[in-house]
Amino acid sequence: MEKRYIKDIRLGLQEEWVESVIQRFLSVNHFERKISFAGNVYYEWSKFQGIESGIPQLNRFFQYQYKDGLLHLEAWIGNDKVEMGLTGWGGMTEKYPYLKGMQQLVDELLAPLPKDHYAVAALRKEMRKEKRARYVGAVVLFVLLFGFMAVWAWARQAS
């Protein structure tokens, strides 16, 4: 199984400001605060809240901790049977929008820091790679889908 999307970022910013940015992200994206059996706080967003569709749900999960200027973020999708990171093919239609949202959150948190700071530059480079991989995956999926449709249309005409 893929690992969770994890970022450890030395921000060194005011705790109140970091907390307000993250809480706004959670609120805008309709995450609900939960507590695990082990007593850990995490946040969950369910696409099908209150709807019994019969389709296995892939919910979004989020955890964070900000202490002594160090931010630890974890994000993943899953349900009671599976947990997946935010990259790779499985669950792609759920992963990519969430990955994009996480990257926007990180960009907002990095905004007050100097752009030439070595840690910020390295993190931005890593995020550019993630974005490229996200776009490549979407293009490959589109090409496969287009190819399938072309073969299907050709087969229909041939019969």
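Summary of the structure given here.

### Let's talk about a positive patch on the surface
Line of reasoning, step 1. Positive charge collects at one region of the surface, where K125, R128, K129 and R132 lie side by side.
Line of reasoning, step 2. In this structure, K129 sits in helix α3 (residues 118–158).
Line of reasoning, step 3. For K129, a relative accessible area of 51% translates into the label exposed.

### A short note on the packing of aromatic side chains
Line of reasoning, step 1. The final tally for this structure, using the stated rule, is eight aromatic pairs.
Line of reasoning, step 2. Ring geometry for F31 versus Y98: centroids 6.0 Å apart, planes at 35°, classification tilted. With F31 in the loop between α1 (15–28) and β2 (32–35) and Y98 in helix α2 (residues 92–110), this residue pair connects regions lying 67 residues apart in the sequence.
Line of reasoning, step 3. Residue classification places F31 among the buried positions, given a relative accessible area of 10%.
Line of reasoning, step 4. Residue classification places Y98 among the buried positions, given a relative accessible area of 1%.
Line of reasoning, step 5. On the basis of an interplanar angle of 40° and a centroid distance of 5.9 Å, the ring pair of F62 and Y64 is categorised as tilted.

### Things to note about the environment of I35
Line of reasoning, step 1. In this structure, I35 sits in strand β2.
Line of reasoning, step 2. Residue class for I35 comes out exposed when judged on its relative accessible area of 54%.

### Side note on α1
One turn of the α-helix equals 3.6 residues, which is why residues spaced by three or four share an orientation.
Line of reasoning, step 1. Between its first and last C-alpha, α1 extends 20 Å over 14 residues, near the 20 Å set by a 1.5 Å rise per residue.
Line of reasoning, step 2. Within α1 the residues assigned to the buried category are V18, V21, I22, F25 and L26. Each buried residue of α1 sits inside an arc of 135° when the element is viewed along its axis, so together they form one side. Set apart from the buried face of α1 by more than 90 degrees, the exposed residues are E16, S27 and V28.

Reading guide: rules and limits
Residues numbered from 1 in each chain as written. Predicted model: local features only at pLDDT ≥ 70, side-chain atom pairs only at ≥ 80, totals over all residues. Heavy atoms only, no water. Patch = residues over 30% accessible without salt bridge, like charges linked within 9 Å, V, L, I, M, F, W, Y side chains within 5 Å. Areas by Shrake-Rupley, 256 points an atom, 1.4 Å probe, with all protein chains shown as cover. Salt bridge = Lys/Arg side-chain N within 4 Å of Asp/Glu carboxyl O. Lys, Arg positive; Asp, Glu negative; His and termini not counted. Charge placed at Lys NZ, Arg CZ, Asp CG, Glu CD. Helix = DSSP H or I, 4+ residues; strand = E, 2+ residues; numbered from the N terminus. Buried < 20%, exposed > 50% of the residue type's maximum accessible area, 1.4 Å probe, protein only. Phe/Tyr/Trp six-rings, centres within 6.5 Å; stacked < 30°, edge-to-face > 60°. Expected span 1.5 Å × (residues − 1). Arc of directions from axis to C-beta.

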